[in-house]
Amino acid sequence: MKKLASLLSCCFSLALANAQQSKDTTFRSNGNPIITHKYTADPAAMVYKDTFYLYTGHDVAPKNRNGYEMHDWLCFSTTDMVNWTEYPSPLNVKDFTWAKDDAWASQVIERKGKFYWYVAISHAAIHGKAIGVAVADNPRGPFKDALGKALITNDMTTETKISWDDIDPTIFIDDNQQAYLFWGNTTLHYVKLKENMIEMEGEIKTVQLPNFTEAPWVHKHNGWYYLSYAYQFPEKIAYAMSRNIEGPWEYKGILNEIAGNSNTNHQAILEFRGKNYFVYHNGALAADAGSFHRSVCIDELFYNKDGTMKRVVMTSEGVKAVK
Ligand code: FUB
């Protein structure tokens, strides 16, 4: 009886949480998953002015549905990794007039005081998935379509026959201020972006990595470039390292194992207040259909002396508060 009451109360709070939120709210995370009042997926994170911003997708598929249903993206922030603020959803597929649906993986980056949000989305007129970019004056939005059309469409990449290879954008600005957009499923693509962050500069290239599935994430640490990605399916996370953002990339092995009952894993890696974090999702909040009812988790990440990364230990306890 007690179990039924707690299940009903959990369903009720998830239903409430799926209704549109209109003001900032706060919560304290109690280990992993860090957010339990709604399903969150495909994390991307950014540090800006001493604050850790977390951007996620939002799984809203009906219970037991074996498929994604995602219409908007969410934004959270923390200054200590435990106490969080959630903002009203700053971006919805409806903000892209050319898009059909499917608010898939995304990433936000700051350049010269503006915030650019690269998103994967289904195109209404051009068959397949596409990448759009939204812009805002602050990290919490509201964001608006920066281009009025897609930046990348499926017809621009012809290495694979699948229509969903143009997903999972990750954006990186190198020390010389050159921006790079990486993305892909099955094939990993990248292109330079102009300083305005909304136009390509030069041709689209590809990177060959063992068992690349999707979810590339580029970061730099102590002079090394790291390209982590979802490996095989169900997904583990693997990574490669290079001294140059354009490669050659040297494959370094598995970084994270399959995450609970989710067939996707989708990582972000970044440093905040002297600690390194591995942000990912699992299916821990859903007894079944966890692959489509995912939840963001955070664990610590550690480097070896030679720059390689130690395998992530996924924990229930999550991370401790930082001062
Ligand atoms: O959330 C939809 C898709 O699932 C993402 O684009 C992939 O990275 C996988 O997590």
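Up top is the structure.
Along each chain, residue indices are assigned from 1 in the same order as the chain's sequence is written. Owing to the predicted nature of the model, reporting of local features is limited to residues with pLDDT of at least 70; listing and counting of side-chain atom pairs is limited to 80 or more, with chain, interface and lining totals taken over all residues. To get the side-chain values, all heavy atoms of the structure are used, and hydrogens and water are removed first.

Looking now at the overall build of the chain. Per the secondary structure count, the chain includes one helix and 20 strands. A radius of gyration in this sense is built from C-alpha atoms; the matching globule rule multiplies 2.2 Å by the number of residues raised to 0.38. At 18 Å, the chain has a C-alpha radius of gyration in line with the 20 Å of a compact globule built from 323 residues. Projected onto the principal axes, the alpha-carbon positions of the chain cover approximately 60 × 50 × 40 Å. Buried positions account for 58% of the 323 residues belonging to the chain. Long-range contacts, defined here as pairs at least 24 residues apart, represent 51% of the contacts in the chain between residues at least 6 apart. For accessible areas, the Shrake-Rupley method is used with a probe of radius 1.4 Å. Any residue's cover is judged against the shown protein chains and nothing else. Just so you have it, the chain exposes about 14200 Å², and 51% of that area is on carbon and sulfur atoms. For helices the rule is a DSSP run of H or I covering at least 4 residues; for strands it is a run of E covering at least 2, with both sets numbered from the N terminus onward. Three exposure classes are used, based on accessible area relative to the maximum for each residue type with a 1.4 Å probe and protein chains only: buried under 20%, partly exposed in between, and exposed over 50%. Here, two residues are considered to be in contact whenever any of their heavy atoms come within 4.5 Å of each other.

What follows is about the nonpolar core. One finds Phe52, Leu54, Leu255 and Ile298 to be the most contacted residues of the largest nonpolar core, which totals 37 residues. Residues contacting Ile298, with those up to four places away along its chain left out, are Asn32, Ile34, Phe52, Met81, Trp84, Tyr277, Phe278, Val279, Tyr280, Gly318 and Val319. Put simply, buried Ala, Val, Leu, Ile, Met, Phe, Trp, Tyr and Cys residues joined by side-chain atoms within 4.5 Å make one nonpolar core.

What follows is about the site of the ligand. By convention in this text, a residue qualifies as near a molecule or strand provided that one of its non-hydrogen atoms is within 4 Å of it. Lining the immediate environment of the ligand, one finds Asp42, Tyr68, Met70, Trp104, Ala105, Asp168, Glu214, Thr264, His266, His281 and Arg294. Here an oxygen atom of the ligand and a side-chain polar atom of Asp42 are 2.4 Å apart. In isolation the ligand exposes 280 Å². Once the protein is present, 99% of that is buried. In this count, Pro and Cys sit with the nonpolar residues alongside Ala, Val, Leu, Ile, Met, Phe, Trp and Tyr, while Asp, Glu, Lys and Arg are called charged and the others, Gly among them, polar. A per-class count over the shell around the ligand returns four nonpolar, three polar and four charged. Here a polar contact is recorded for every N or O atom pair within 3.5 Å, except that within protein the pair must consist of a potential hydrogen donor and a potential acceptor, and residues adjacent in sequence are included only if both atoms are side-chain atoms.

Only centres within 6.5 Å qualify two rings of Phe, Tyr or Trp (six-membered ring in Trp) as a pair; their planes then separate them into stacked at under 30 degrees, edge-to-face at over 60, and tilted for everything else. Under the definition given, this model contains 22 aromatic pairs. Between Phe52 and Trp84, the aromatic rings sit 6.0 Å apart at their centres with planes inclined by 85°, giving edge-to-face as the arrangement. Of this pair, Phe52 sits in strand S3 (residues 51-58) while Trp84 sits in strand S5 (residues 83-92), placing them 32 residues apart in sequence. Members of the aromatic cluster, connected to one another through ring pairs, are Tyr53, Tyr55, Trp73, Phe96, Trp98, Trp117 and Phe143. Look at NZ for Lys and CZ for Arg. If either is within 6 Å of the ring centre and within 35 degrees of the ring normal, a charge sits over the ring. Above the face of the Trp104 ring, Lys129 is positioned so that its terminal group lies 4.3 Å from the ring centre. Note that Arg140 overlies the ring of Tyr87, its terminal NZ or CZ placed 5.7 Å from the centroid.

Below, the discussion takes up the sheet that holds strand S4 (residues 72-78). A pair of strands is considered paired only if DSSP assigns at least 2 bridges between the two. In spatial order, the strands read S1-S5-S4-S3-S2; together these five strands make up an open sheet with antiparallel pairing. Both outer strands of the open sheet, strand S1 (25-28) and strand S2 (40-48), are each paired with one neighbouring strand and no more. Adjacent strand axes in the sheet meet at a mean angle of 30° when their direction is disregarded. Only the stretch in contact is used when a helix axis is fitted, and all axes are lines through C-alpha atoms; the angle between N-to-C directions ranges over 0 to 180 degrees.

So, on to the environment of Ala120. Here Ala120 lies in strand S7 (residues 114-122). The exposure class assigned to Ala120 is buried, which follows from its relative accessible area of 0%.

As summarised here, the arrangement of the four strands in space is S10-S11-S12-S13, forming an open sheet in which the pairing is antiparallel. Of all the strands in the sheet, the pair left with one neighbour each is strand S10 (170-173) and strand S13 (200-207). The average angle at which neighbouring strand axes cross in this sheet is 20°, direction not considered. As defined by bridge partners, strand S12 (residues 187-193) adjoins S13 across five bridges and the pair is classed as antiparallel. Paired with Lys192 across the two strands is Glu201, which belongs to S13.

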